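# Notes for the structure review
So you can see what is in the structure, the chains are spelled out below.
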Amino acid sequence: MKQHIGFIGGGQMAEALIKGILASGLYSKSNILVSEPNDYRREHLESTYLIKTFQNNHAIFEKSKVVILAVKPQTMKAVLENCRSVIEPHHILITVAAGLPISFYIKTIGKKETKIIRVMPNTPALVLEGASALSKNDNVSDKELRLAEEIFLAVGEVVILDEVHLDAVTGLSGSGPAYVFSFVEALVDAGVKMGLTRVISEKLAMQTVAGSVKLLRESGEHPAALRGKVTSPGDTAITALHVLEKVGFHGIIMDIVESAVLRSKELGKME
Ligand SMILES: NC(=O)c1ccc[n+]([C@@H]2O[C@H](COP(=O)([O-])OP(=O)(O)OC[C@H]3O[C@@H](n4cnc5c(N)ncnc54)[C@H](OP(=O)(O)O)[C@@H]3O)[C@@H](O)[C@H]2O)c1
């Protein structure tokens, strides 16, 4: 029989992963366990996914080999301190908490042999279109890492990196949805300013972004090549791109990612 997979915390990220894992067939509903203090969330998860839930975190470690830590970063220390006595060398701890380094878990649990996989997912994982970066400590075998990779492949794309690169990931894909949402919002407002209704403008803006990304993916062409194909001499797109380049669009995007990376490093040092 397949081992159980357990979740500590049954919030948004845990639910996205449960949805993806069930859809991919990686684990069956009888193999998924969740501990969650909120009655409403427990009832929701049980009735929607027919999985078993608990109020007590210890039950998860007692019954599961793979345990996904899906609580808020500010709750993590208390959870680990409470579970320290039931965390054993065979457990594979997978954490999705933003900002907390692997060293934080080892220090808080106080057992240096603990297997830790740290993941930086992003919010599109909630609709199974996430981008996740995984890194592990030396206690995790390649086979165990592959298992974690399969779990996150169920909610989108995965890359495997050394932990030192997770700040860069946080600045790019972790925070990236915020940049994309801002871009779409601005595009919608621009349409409204030019006389379109908000409903029409939203429909056109979202499909333009989604369709452009699909074209990039499916054509395999460089973004600059595709941009070249939508501009012709003296046309509207090249006129607009001139404005975009005058305000330093490329530089602004590179600056915002860099600022998020620096902030991620600062937050990591506070732990
Ligand atoms: N949402 C995302 O898109 C996203 C993206 C990247 C990373 N993450 C990371 O994923 C983690 C979870 O985020 P989330 O958005 O899923 O948050 P969330 O919806 O608030 O889920 C956390 C859940 O943990 C429960 N909880 C609180 N204390 C607990 C305890 N002692 N033991 C067990 N469960 C407990 C909370 O219950 P109460 O509500 O009753 O407190 C809540 O249901 C965070 O560390 C976050 O950094 C999330």
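## Describing the sheet that holds strand β3 (residues 52-54)
- Strand order across the open sheet formed by eight strands is β3-β2-β1-β4-β5-β6-β7-β8, with mixed pairing between neighbours. In this open sheet, the two strands that pair with only one neighbour each are β3 and β8 (156-160). When the angles between neighbouring strand axes are averaged without regard to direction, this sheet yields 25°.
- Each of β4 (64-69), β5 (92-95), β6 (115-120) and β7 (130-136) is contacted by helix α5 (residues 102-109), which is oriented at about 140° to β6, the strand it contacts most.
- Helix α6 (residues 142-153) rests against β1 (4-8), β4, β5, β6, β7 and β8 of the sheet, and its axis sits at about 155° to β8.

## Things to note about a nonpolar patch on the surface
- On the surface, L196, I200 and L204 cluster together to form a nonpolar patch covering roughly 260 Å² of accessible area.
- In this fold, I200 is placed in helix α9 (residues 198-219).

## Some points on the layout of surface pockets
- Reported here for the second largest pocket is a volume of approximately 470 Å³.
- Forming the boundary of the second largest pocket are 20 residues, of which M13, K72, P73, V96 and A98 lie nearest the centre.
- Here the lining of the second largest pocket gets three residues from one element, more than from any other, and that element is helix α1 (residues 12-24).
- The class makeup of the residues in the lining of the second largest pocket is eleven nonpolar, seven polar and two charged.

## Observations concerning the packing of helix α8 (residues 176-193) against α9
- Closest axis-to-axis distance for the α8/α9 pair is 8 Å, and the angle between their directions is 135°. With respect to each other, α8 and α9 are oriented oblique. Two packed elements cross with a definite hand, and for α8 against α9 that hand is right-handed. Here F183, V184, L187, V188, D189, G191 and V192 of α8 come into contact with α9, specifically with R198, S201, E202, A205, M206 and V209.
- When grouped by side-chain class, the residues that make up the contact of α8 with α9 number eight nonpolar, two polar and three charged.

## Some details on the site of the ligand
- Surveying the vicinity of the ligand reveals 21 residues, the closest of which are Q12, M13, E36, V71 and T123.
- A distance of 2.7 Å is found between an oxygen atom of the ligand and a backbone nitrogen or oxygen belonging to M13.
- The separation between a nitrogen atom of the ligand and a polar side-chain atom of N57 is 3.1 Å.
- In this structure, the ligand is accommodated by the second largest pocket.
- Taken together, the elements giving at least two residues each to the shell around the ligand come down to α1 and α4 (73-83).

Thresholds applied
Residues numbered from 1 in each chain as written. Predicted model: local features only at pLDDT ≥ 70, side-chain atom pairs only at ≥ 80, totals over all residues. Heavy atoms only, no water. Pairing = 2+ DSSP bridges. Helix = DSSP H or I, 4+ residues; strand = E, 2+ residues; numbered from the N terminus. Axes fitted to C-alpha atoms, helices over the stretch in contact; angles between N-to-C directions. Contact = heavy atoms within 4.5 Å. Patch = residues over 30% accessible without salt bridge, like charges linked within 9 Å, V, L, I, M, F, W, Y side chains within 5 Å. Areas by Shrake-Rupley, 256 points an atom, 1.4 Å probe, with all protein chains shown as cover. Salt bridge = Lys/Arg side-chain N within 4 Å of Asp/Glu carboxyl O. 1 Å grid on protein atoms, 1.4 Å probe; cavity = no way out; pocket = protein on both sides within 12 Å on 5 of 7 lines; lining within 4 Å. Points joined across faces, edges and corners; volume = space filled by probe spheres on them. Nonpolar A, V, L, I, M, F, W, Y, C, P; charged D, E, K, R; others polar. Parallel < 35°, antiparallel > 145°, perpendicular 65-115°, else oblique. Left-handed = near helix turned anticlockwise from the far one by under 90°. Near = heavy atom within 4 Å. Polar contact = N/O pair within 3.5 Å; in protein donor to acceptor, adjacent residues only side chain to side chain. Sits in = over half its atoms within 2 Å of the grid points.

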